[in-house]
Amino acid sequence: MRHAILSIVMAASLLSACAWMGPDVRVDPAQSHMEARAMLGIDMYGRGEFLEALDAIRPWAEQGHSSGMVLIAGMYYQGRGVAKDNINAYMWAELGVIYAKDDEEYGKAIKFRNEIASSMTAQAINEARRRTKDWQPGMPLPPEEEMNGVPGGETGNGEMPVG
């Protein structure tokens, strides 16, 4: 997970460097703001402020950034800031695979997705794959009521996942 965070920080540093290269480089202020917010979210995650980190990172991931997707997958897998939910963890990790920008991101996302899958039922994996197929950049998670009754969508303590 630390490698994913380092990848995100390195990407942000590269983007910042591009912004200072000269007048020929055009930087979208909205994109820069989203990336800065994601970096703040990574800092919050490191301080244990998981719910705030999720709020900061989610818009970046929802725009198709693989590293953010894998980080959110880890939050759902470990129950940090949200109820532990392997279906959402798998979905976000699979999206990280799909949106990976290079072989390193792809390999990390595949490995993590497979780790999540090893603790899921076939029915839960099928539900996660359905959600992955239906997801589009900019689309938030499904409403909580869609998660009811799906094995793997509930935590061991009876809590429902946060959507």
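A quick note: this is a predicted structure, and the numbers were derived from the prediction, not measured. (Residues numbered from 1 in each chain as written. Predicted model: local features only at pLDDT ≥ 70, side-chain atom pairs only at ≥ 80, totals over all residues. Heavy atoms only, no water.)

A. A look at the nonpolar core. Ile57, Ile72, Tyr90, Trp92, Phe112, Ile116 and Met120 are the most contacted members of the largest nonpolar core, which has 35 residues in total. Mapped by element, the contributors of at least two residues to this core are α2 (29-46), α3 (50-62), α4 (66-78), α5 (86-98), α6 (103-117) and α7 (122-134). (Core = buried A, V, L, I, M, F, W, Y, C linked by side-chain atoms within 4.5 Å. Buried < 20%, exposed > 50% of the residue type's maximum accessible area, 1.4 Å probe, protein only. Helix = DSSP H or I, 4+ residues; strand = E, 2+ residues; numbered from the N terminus.)

B. Up close: the confidence of the model for the protein chain. With 63% of its residues at a pLDDT of 70 or more, the protein chain has an overall mean of 75. The low-confidence segment residues 9-23, where pLDDT is below 50, has six contacts with residues more than four positions distant or belonging to other chains. Across residues 143-163 the pLDDT falls below 50, and counting only partners more than four positions away or on other chains, this stretch makes 46 contacts in the model. (pLDDT = per-residue confidence, 0-100. Contact = heavy atoms within 4.5 Å.)

C. The arrangement of the packing of aromatic side chains in detail. Counted under the stated rule, the structure contains four aromatic pairs. For the pair tyrosine 45 and phenylalanine 50, a centre-to-centre distance of 5.1 Å together with 70° between the ring planes defines the contact as edge-to-face. With 5.5 Å between their ring centres and 90° between their planes, tyrosine 77 and phenylalanine 112 make a pair best called edge-to-face. Taken together, the residues tyrosine 77 in helix α4 and phenylalanine 112 in helix α6 connect sequence positions 35 residues apart. (Phe/Tyr/Trp six-rings, centres within 6.5 Å; stacked < 30°, edge-to-face > 60°.)

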